[in-house]
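Residues per chain, in single letters:
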Amino acid sequence: MFDFSGTLMRIEPAADWLRAVLSEVGVAATDAEVEEYAARLERCGAQPGGADPAALPPRLNRLWDERDLSARTHRTTYTALAREANLPWGVAVDDALYARHMRPEAWHCYADTTEVLGELRRRGVPVAVVSNIGWDLRPVLGAHGISETVQEFVLSYEHGMRKPDPELFRTACEALGLAPEKVLMVGDDRRADTGALAIGCAVHLVDHLPVHARPASLRPVLDLVRQGPG
């Protein structure tokens with residue numbers, strides 16, 4: 001089992017995210033403005049897959065806790081956080097920022113993602129992606145040429161529960177047709193992904209780093225799994 005964001009793929013830097021949206025909607029901004037407002041968005045935690053909020057407004061606490069349980073709540077949460085950044089370009093930019101993060105071009109594979117998933121497929125090792133998320137990531141993996149290496153997708157918003165809930169991991173193991181003790185969970189979140197330990201899975205943790213700073217953290221997985229599902 002693999003986590004998605006921060007494990008297999010990484011969202012683009014916040015400044016690139018904002019710059020792409022401003023270009024798309026026809027808003028001119030200086031590099032200094034892009035950097036300033038991208039930093040605001042990061043502090044507010046407004047980029048899905050990016051940094052958590054530095055300080056969450058109390059009125060958004062419940063939304064934040066439930067953000068990955070439905071597509072509607074996910075969108076509501078992150079557009080509300082974008083508005084906390086007080087961007088000067090209006091609501092249309094806030095909404096376009098949310099739409100941008102679901103596009104394949106907003107995501108980058110880690111350097112060893114394709115290699116490791118491809119080798120697992122060659123060995124006959126079944127793979128599931130288990131993610132706390134509020135939208136369908138399958139087209140993103142498809143656009144990057146790796147969806148065929150994944151047999152099952154267990155996404156929090158489709159099941160109404162999120163990691164570290166052991167039941168989400170149990171659901172993934174059942175989908176793979178494997179007992180939990182024969183499954184390895186690979187992720188970057190020390191709290192969420194270690195929820196798999198509760199049902200007997202092994203866990204391999206990687207660091208949540210930019211793509212350029214983490215060239216080979218997934219490769220040890222190939223030494224931790226056996227040939228095929230047995």
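Structural data are supplied above this passage.
Attention here is on the structure that accompanies the text. Predicted model only: the values in this text are computed from it and were never measured.

**Some thoughts on the side chain of arginine 10**
Along the chain, arginine 10 falls in strand 1 (residues 9-11). Buried arginine 10, no salt bridge; nearest opposite-charge side chain is glutamate 42, N-O distance 6.5 Å.

**Let's talk about empty space enclosed by the protein**
Counted by the stated rule, this structure contains 1 cavity of 30 Å³ or more. Looking at the largest cavity, its volume works out to about 30 Å³. Along the walls of the largest cavity sit Trp17, Ala46, Pro48, Tyr78, Thr79, Ala82, Asp94, Leu97 and Tyr98, which together make up its complete lining. Mapped onto the lining of the largest cavity, the elements with two or more residues apiece are helix 4 (71-84) and helix 5 (91-100). Broken down by class, the residue content of the lining of the largest cavity amounts to 7 nonpolar, 1 polar and 1 charged.

**Thoughts on the side chain of histidine 74**
Inspection of the secondary structure assignment puts histidine 74 in helix 4. Since its relative accessible area comes to 3%, histidine 74 is described here as buried.

**Re the pairing of strand 5 (residues 184-187)**
Along strand 5, one buried face is formed by Leu184 and Val186 and the opposite face, lined by Met185 and Gly187, is buried too. In this sheet, strand 6 (residues 202-205) lies alongside strand 5 in parallel orientation, the contact comprising 4 bridges. The residue bridging methionine 185 from the neighbouring strand is valine 203, located in strand 6.

**Some thoughts on the layout of surface pockets**
Of the volumes computed, that of the largest pocket is approximately 650 Å³. Along its surface, the largest pocket is lined by 29 residues, and Ser5, Asp52, Arg67, Asn132 and Asp189 are the ones closest to its centre. Residues that form the lining of the largest pocket fall into these classes: 9 nonpolar, 10 polar and 10 charged.

Analysis parameters
- Residues numbered from 1 in each chain as written.
- Predicted model: local features only at pLDDT ≥ 70, side-chain atom pairs only at ≥ 80, totals over all residues.
- Heavy atoms only, no water.
- Helix = DSSP H or I, 4+ residues; strand = E, 2+ residues; numbered from the N terminus.
- Buried < 20%, exposed > 50% of the residue type's maximum accessible area, 1.4 Å probe, protein only.
- Lys, Arg positive; Asp, Glu negative; His and termini not counted.
- Salt bridge = Lys/Arg side-chain N within 4 Å of Asp/Glu carboxyl O.
- 1 Å grid on protein atoms, 1.4 Å probe; cavity = no way out; pocket = protein on both sides within 12 Å on 5 of 7 lines; lining within 4 Å.
- Points joined across faces, edges and corners; volume = space filled by probe spheres on them.
- Nonpolar A, V, L, I, M, F, W, Y, C, P; charged D, E, K, R; others polar.
- Pairing = 2+ DSSP bridges.

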